[in-house]
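Spelled out, the chains give:
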Amino acid sequence: MALLTVNFFSESLGLNSQATVILPQTTAGQIGLKVKGSDGPLPVLYLLHGLSDDHTIWLRRTAIERYVAPLGMAVVMPNVHRSFYADMKHGGKYFTFVTEELPRLMRSFFPISDRREDTFVAGLSMGGYGAFRCALTHPDRYAAAASLSGALDRTLEADHPSPSIDAALQLAFGDMAEFSGSPHDLMHLASELVGRGEDRPALYQCCGTADFLYEQNLAFQAHAQTLGLELTCTWHADESHQWSYWDRQIQDVLRWLPLDAKPSE
């Protein structure tokens, strides 16, 4: 596997940004690692970090490089700081960055497919929110989206109050009293998608029953089922908001993705 940290200037953010990228690399042999190469454009997973993390966290806390080795796909992990993947009320246009500029830049640097059926997005916590927002807002760009312990209903404010999180929410979204029914609201986005009758991305969500975001995940599941969205849900007893859980679950996400190759059991 090839592992790169890409530094570039982002027009949408007006500043330098970073992404960590995993690419399949066919070699004579990599001890203990079976790698699938590709002669054509690569399917790609945009893998999103949480509120307290950055673009390096999936590599540091999981074995994501090993998990994707047999799949012949690229993984792009951008840095969005504490933006909630929003075009921030007081800050950069991170949603535009992740959904428009980043894919365009990655395709200009690497042999990444531009086809919807080859493009996926997943994330944990804040990144779970970001993944579903990307797919529900732009269903023509993503075939599937996965949320691991995501903030899917009222964001973090209601269930996990803290001064630092409240400040991040205010910077990202502005007045939280205006959140419901806005383009930031996943429930609203799901309803709008169904109302438009467009192709719908497959959705996957998982969460532990001891996670402070569990009730939000149940609420999104109920709403999605009412709308008839294609949603796969897995709940795990007594699991909380922690990396040992996400390291296991990202492997299930990779098995769930509609790829020709699957990770070995």
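Structure's up top.
Keep in mind the model is a prediction, meaning the values are calculated, not measured.

What counts, and at which threshold
Residues numbered from 1 in each chain as written. Predicted model: local features only at pLDDT ≥ 70, side-chain atom pairs only at ≥ 80, totals over all residues. Heavy atoms only, no water. Helix = DSSP H or I, 4+ residues; strand = E, 2+ residues; numbered from the N terminus. Expected span 1.5 Å × (residues − 1). Buried < 20%, exposed > 50% of the residue type's maximum accessible area, 1.4 Å probe, protein only. Arc of directions from axis to C-beta. Pairing = 2+ DSSP bridges. Right-handed = clockwise from strand over helix to strand, strands pointing away. Core = buried A, V, L, I, M, F, W, Y, C linked by side-chain atoms within 4.5 Å. Contact = heavy atoms within 4.5 Å. Axes fitted to C-alpha atoms, helices over the stretch in contact; angles between N-to-C directions.

## Quick look at helix H8 (residues 243-256)
(1) Moving on: For H8, with 14 residues, the first-to-last C-alpha span of 20 Å sits near the 20 Å given by 1.5 Å per residue.
(2) Moving on: Those residues of H8 lying buried are Trp 243, Tyr 245, Trp 246, Gln 249, Ile 250, Val 253, Leu 254 and Trp 256. Each buried residue of H8 lies within a common arc of 165 degrees when the element is viewed along its axis, so the set occupies one face.

## Side note on the pairing of strand S3 (residues 44-48)
(1) Moving on: For S3, the buried fraction is high: 5 of the 5 residues fall into the buried class.
(2) Moving on: Neither face of S3 is left uncovered, since the one carrying Val 44, Tyr 46 and Leu 48 and the one carrying Leu 45 and Leu 47 both have all their residues buried.
(3) Moving on: Bridging between S3 and strand S4 (residues 74-78) involves 3 bridges; their strand directions are parallel. For Val 44, the partnering residue across the bridge sits in S4 and is Ala 74.
(4) Moving on: One ladder, built from 5 bridges, connects S3 with strand S5 (residues 119-124); its direction is parallel. Each bridged residue has a counterpart across the sheet, and for Val 44 the counterpart in S5 is Thr 119.

## Things to note about the pairing of S5
(1) Moving on: Within S5, 6 of the 6 residues are buried, leaving the element largely enclosed by the surrounding structure.
(2) Moving on: Of the two faces of S5, the one carrying Thr 119, Val 121 and Gly 123 and the one carrying Phe 120, Ala 122 and Leu 124 are both buried.
(3) Moving on: Note that the unit made of S5, helix H4 (residues 126-137) and strand S6 (residues 144-148) has a crossover that is right-handed.

## A few points about unusual backbone geometry
Excluding glycine, most residues fall at negative phi; most peptide bonds, likewise, are trans.
(1) Moving on: The backbone phi angle of Tyr 85 is positive, close to 55 degrees, even though this residue is not glycine.
(2) Moving on: With respect to the helices and strands, Tyr 85 occurs in the loop between S4 and helix H3 (94-109).
(3) Moving on: A relative accessible area of 1% places Tyr 85 in the buried class.
(4) Moving on: Even without a glycine there, the phi angle at Ser 149 is positive, about 55 degrees.
(5) Moving on: Within the fold, Ser 149 resides in the loop between S6 and helix H5 (163-173).
(6) Moving on: Judged by its relative accessible area of 0%, Ser 149 is buried.

## Some details on the nonpolar core
Nonpolar side chains tend to gather and get buried jointly when the protein is soluble and globular.
(1) Moving on: Membership of the largest hydrophobic core comes to 55 residues, with the highest contact counts inside it found for Val 76, Met 106, Val 121, Leu 136, Phe 173 and Phe 220.
(2) Moving on: Ignoring anything within four residues of it in the chain, the contact list for Val 76 reads Ala 19, Thr 20, Val 21, Val 44, Leu 45, Tyr 46, Leu 47, Leu 102, Met 106 and Ile 112.
(3) Moving on: Membership of the second largest hydrophobic core comes to 33 residues, among which are Leu 47, Leu 71, Met 77 and Ala 202.

## Some remarks on the sheet that holds strand S1 (residues 2-10)
(1) Moving on: An order of S1-S2-S4-S3-S5-S6-S7-S8 is seen for the 8 strands of this open sheet, with the pairing classed as mixed. At either margin of the open sheet sits one strand with a lone partner, and together these are S1 and strand S8 (231-236). Strand-to-strand twist of the sheet, defined as the mean angle between neighbouring strand axes without regard to direction, takes the value 15 degrees.
(2) Moving on: Its contacts with the sheet place H4 against S3, S5, S6 and strand S7 (202-208), and it is angled at close to 150 degrees to S5.

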